[in-house]
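Here's the letter readout for the chains.
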Amino acid sequence: MKNIYRSIALLVILLSGCATNVAPINKPGNDVSIVKVNEVQKKIASCVAEVNQSEDAKYVDEHILVLTEKSPNAKELFNSSDKIASDQAAVLKRFKESTLKCRAIVNELPSSALVAVYTNFYINIDAVYKDLIDKRITIGVANQERSMRIQYAKERWAQILKAEKGSS
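(A) Looking closely at the packing of aromatic side chains. In this structure the tally under the stated criterion is 3 aromatic pairs. Centre to centre, the rings of Tyr 118 and Trp 157 are 5.5 Å apart; their planes meet at 75°, and the pair counts as edge-to-face. Here the residue Tyr 118 occupies a position in helix H6 (residues 112-133), and Trp 157 occupies one in helix H7 (residues 139-167), the gap between them amounting to 39 residues. On the basis of relative accessible area, Tyr 118 is assigned to the buried category, the value being 16%. Here a set of aromatic residues connected by ring pairs shows up, and it is made of Tyr 118, Phe 121, Tyr 122 and Trp 157.

(B) Looking closely at the side chain of Thr 99. Looking at where Thr 99 falls in the secondary structure, it is placed in helix H5 (residues 86-105). Taking the relative accessible area as the measure of exposure, Thr 99 reaches 14% and is therefore buried.

(C) Structural detail: the pattern of salt bridges. What the rule picks out here adds up to 9 salt bridges. A salt bridge links Arg 94 to Asp 56; the shortest N-O distance between them is 2.9 Å. In this pair, Arg 94 sits in helix H5 while Asp 56 sits in helix H3 (residues 55-63), placing the two residues 38 residues apart along the sequence. On the basis of relative accessible area, Arg 94 is assigned to the partly exposed category, the value being 44%. Its salt-bridge partner being Arg 103, residue Asp 126 comes within 2.7 Å of it at the nearest N-O pair. Taken together, the positions of Asp 126 in helix H6 and Arg 103 in helix H5 put the pair 23 residues apart, joining distant regions of the chain. Assessed through its relative accessible area of 21%, Asp 126 is described here as partly exposed. Each of Lys 130, Asp 131, Asp 134 and Arg 136 takes part in one network of salt bridges that share partners.

(D) Expanded view of helix H2 (residues 34-51). A rise of 1.5 Å per residue sets the reference length of H2, with its 18 residues, at 26 Å; its end C-alpha atoms lie 26 Å apart and thus fit the reference within 8%. What H2 keeps buried is the set Val 37, Val 40, Ile 44, Cys 47 and Val 51. In an axial view of H2, the angular spread of the buried residues amounts to 95°, which keeps them on one side of the axis. Exposed residues lying more than 90 degrees from the buried face of H2 are Val 35, Lys 42 and Glu 50.

Rules behind the numbers
Here the residue index of a chain counts from 1 through its sequence in written order. Two thresholds apply to this predicted model, a pLDDT of at least 70 for residue-level local features and 80 or more for giving and counting side-chain atom pairs, whereas whole-chain, interface and lining totals are computed over all residues. By convention in this description, side-chain values take in all heavy atoms of the structure and omit both hydrogens and water. Pairing of aromatic rings covers Phe, Tyr and Trp, the last counted by its six-membered ring, and requires centre-to-centre distances within 6.5 Å; plane angles under 30 degrees mean stacked, over 60 mean edge-to-face, and any other angle means tilted. The secondary structure listing takes helices from DSSP runs of H or I that are at least 4 residues long and strands from runs of E that are at least 2 residues long, numbered from the N terminus. Only protein chains enter the accessibility calculation, which uses a 1.4 Å probe; a residue is then buried when its area is under 20% of its type maximum, exposed when over 50%, and partly exposed in between. Whenever Lys or Arg places a side-chain nitrogen within 4 Å of a carboxyl oxygen from Asp or Glu, that contact is recorded as a salt bridge. Take the residue count of a helix, subtract one, and multiply by 1.5 Å to get its expected span. What the arc describes is the spread of directions from the helix axis to the C-beta atoms.

Distances and angles like these do not, on their own, reveal function.
Right, here's the structure in full:
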């Protein structure tokens, strides 16, 4: 429980830097557009969908982390008190490596604030993976923390887009 609070506090500190220096989208004189943001989002989604078709991703989705809406064991994974096994950790590491190509696409976003949302998300997700692999947290806690980080990133993304649209 102490680690959860520590992780949340660290997350707040890390992500609080996102609130400043928002790069404008659709401002006059700026060639950044919501169309470009949507194009990059589609590229990222396509890449993630491709990665999620791999055998490693399917294994992770079924036995370690809920990656897709169709995860067959989502309820069990969110409630699991099991620590990750060494063979599972090896698969998770390979899966994470396979996501790196998708992460690189983020740099094509036309706004540094939007890039920061993804960058901070990946930093925090990697911390969850590390804690899981190092057996500091259970599979259930890892899924809960991952879910919180996804939700926070979605909310932060929406805030930035709303602010950017309002400032143009």
